[in-house]
Structures are given as C-alpha cells and as structure tokens.
Amino acid sequence: MAIEIKICGLKTPETLDAALAAGADMVGAVFFAPSPRHLDLATAAQLGARARGKAQIVALSVDADDAALADIIAALAPDALQLHGSETPERVAAVKARFGRPVWKAIGIAGPEDLAKLPAYAAVADRLLLDAKAPKGAALPGGNGVPFDWNLLAGLDLAKPFMLSGGLTPENVGQALAITRARAVDVSSGVESAPGVKDPARIAAFVRHAREAAHDVARAYETAAAGPPADHLPAAPASPANLTSSTS
Ligand SMILES: O=C(O)c1ccccc1N[C@@H]1O[C@H](COP(=O)(O)O)[C@@H](O)[C@H]1O
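This is a predicted model, so every value here is computed, not measured. (Residues numbered from 1 in each chain as written. Predicted model: local features only at pLDDT ≥ 70, side-chain atom pairs only at ≥ 80, totals over all residues. Heavy atoms only, no water.)

## Things to note about the overall build of the protein chain
Thought 1: Helix and strand counts for the protein chain come out as seven helices and ten strands.
Thought 2: Computed over its C-alpha atoms, the radius of gyration of the protein chain comes to 18 Å, within 12% of the 18 Å expected for a compact globule of 248 residues.
Thought 3: The proportion of buried residues among the 248 residues of the protein chain is 49%.
Thought 4: Accessible surface, the protein chain: about 10700 Å² in total, of which carbon and sulfur atoms supply 56%.
Thought 5: Charge centroids of the protein chain, computed over 23 positive and 26 negative side chains, lie 2 Å from each other. (Helix = DSSP H or I, 4+ residues; strand = E, 2+ residues; numbered from the N terminus. Rg over C-alpha atoms; globule rule 2.2 N^0.38 Å. Buried < 20%, exposed > 50% of the residue type's maximum accessible area, 1.4 Å probe, protein only. Areas by Shrake-Rupley, 256 points an atom, 1.4 Å probe, with all protein chains shown as cover. Lys, Arg positive; Asp, Glu negative; His and termini not counted. Charge placed at Lys NZ, Arg CZ, Asp CG, Glu CD.)

Have a look at this one:
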C-alpha cells in the first residue's frame, strides 16, 4: 500500500530539508497567527522556493478570507489549500472555484456523529483531512498533538481520499495505519521537541515507520486475499463502498 506523508508546520530551511531528505511527499506551511508554527509571507516564499519540485506544498489556513488566501497563494504558490477552520461545504466550493487549486478540508472527529458531516465535504473538497477535534478551550483548531479514536474510521469508505492526522507520532503511526488503512498521514506536533520546534530525527523516524507500516498493512491484505480464514482478515473492508451506505 503506497502511502503519502505530509510533514506540517515547517518553519526553517533546516527542518524543511530534513523533511525532504526523509522522503516526505508533502510539506505544510501554517498561516494562523496564534500558532507557534505560523509563517509570515516572506519566510513562506523562501521555504516554498526551496521545496518546489521536491514535495507538494500545502498552505494551511483557518477561516481565511479571500484576500488572505490570495496573499498566501501569491507568496507560496501552494499545490493545495488546506482549510482547517469551520469553513462550510459552500465555502470550500467557493474557494476551489475562485482560486482553481485543490482544496482540502480538515474535519475534527471526536465521535461517530462527526462522520455524518463527511459526505457533504467529500462532495466539494479534493481531499478530506480527518483530524482530532480540538480540546475545549484550545487556542488552535488543530496542531494540538491529540489523537482521536481511530476505530471510528475502521470500515470508513469515502468517495474521496482521506488523510489521517491528529496526535500521530513515530511511535503510534503504525497502529493508526493498521486500524484505519489511511493512504495518507499528516503530522506536526509528533515530530517536534517543543511546540513549533521540529526535530529532524523524529521526522525521519516518522517517515520510516509510516512507510514500513503501510508495507505491512499491504502484505496483510495480500495474505488475506490469498484465502486465509475470515477471522484473519483485518477489521477494515477491502472493497470500496459509499460512505452514505457504509459508515461502520
Ligand atoms: O499546526 C498548527 O499549528 C495548526 C494550527 C491550526 C490548525 C491546524 C494546525 N495543524 C494541523 O493539525 C493537524 C494535527 O496536528 P498534530 O499532528 O496533532 O499536531 C495537522 O493536520 C496539522 O497540519
């Protein structure tokens, strides 16, 4: 199983280079002033130029208006826009139409009721990012290093690809992939030594562990497909289905 790996919240050339050297597929820039990972536009432009052609560049914003998004796009020229606030499906569609770039929508998950929101967003976003719902009173809507119950996603099949995030670390990404069978993962806090301070060794470990785990999950499914007893099958179904007809 191929997996895409995004390292988010990179702020310095050194840590960007560490993510690229580790083989990250995507690198994320945060534009949200309360975040310890917030980037000003000039720094974002420099980092974007350094990353271009080596990884996809993703711009994360939180309930940004069109003017702010236009500034981010002018500075960074991102490959995708990650909307990480309380943007409605209509707003997601409007951003996509206005800026003509792939738009990802982050959705906070805390319980099964949150899965009900997914089809409306899957209809308009290019990718869904399933993140932990921010703890009550948190200053940030994401980037809190908190996981959610991955078992909620076991059996989830969306019409759009999803990316898993929220509290992932080098230590737990293997378990997260085994349970959710996500094809893409996103990490920020879990590869830091302090809020906003990326740790190159943890970045490398995360990428390595995620790729190894994805390989193991694929092997498990190949073995299952070859005809082991049904009780050896991993929890998630192998065949695609529509979320509206299958959320279990
Ligand atoms: O990283 C931030 O500071 C941030 C700020 C505002 C919204 C989202 C943010 N980060 C994203 O949140 C998820 C989970 O992060 P973590 O691994 O739990 O720290 C991830 O998509 C980050 O890109």
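## Observations concerning helix 6 (residues 173-180)
Thought 1: When helix 6 is considered as a whole, its buried residues turn out to be V173, A176, L177, I179 and T180. An end-on view of helix 6 places all buried positions within 165° of arc, on one side of the element.
Thought 2: Phi turns positive one or two residues past the end of helix 6, at R181, with a value near 55°. (Arc of directions from axis to C-beta.)

## Describing the packing of helix 6 against helix 7 (residues 200-225)
To characterise two packed helices, one gives the angle between the axes of the helices and the distance between these axes.
Thought 1: The contact between helix 6 and helix 7 brings their axes to 8 Å, and the two run at 30°. As summarised for this structure, helix 6 and helix 7 are arranged roughly parallel, according to the angle between their axes. Taken as a pair, helix 6 and helix 7 cross one another with a handedness that is right-handed. Within the contact between the two elements, helix 6 uses V173, G174, L177 and A178 and helix 7 uses F206, H209, A210, A213, A214 and V217.
Thought 2: In terms of residue class, the contact of helix 6 with helix 7 is built from eight nonpolar, two polar and no charged. (Axes fitted to C-alpha atoms, helices over the stretch in contact; angles between N-to-C directions. Parallel < 35°, antiparallel > 145°, perpendicular 65-115°, else oblique. Left-handed = near helix turned anticlockwise from the far one by under 90°. Contact = heavy atoms within 4.5 Å. Nonpolar A, V, L, I, M, F, W, Y, C, P; charged D, E, K, R; others polar.)

## A look at the nonpolar core
Thought 1: Within the largest apolar cluster, 63 residues are counted, with the highest numbers of intra-cluster contacts made by I7, L128 and V185.
Thought 2: Of all the elements, helix 7 adds the most residues to this core, at six residues.
Thought 3: If we ignore the near neighbours within four places in the chain, the residues touching I7 are A19, A24, M26, V27, G28, V187, V191, K198, I203, F206 and V207.
Thought 4: With eight residues, the next largest nonpolar core counts V58, A80, A106 and M163 among its residues. (Core = buried A, V, L, I, M, F, W, Y, C linked by side-chain atoms within 4.5 Å.)

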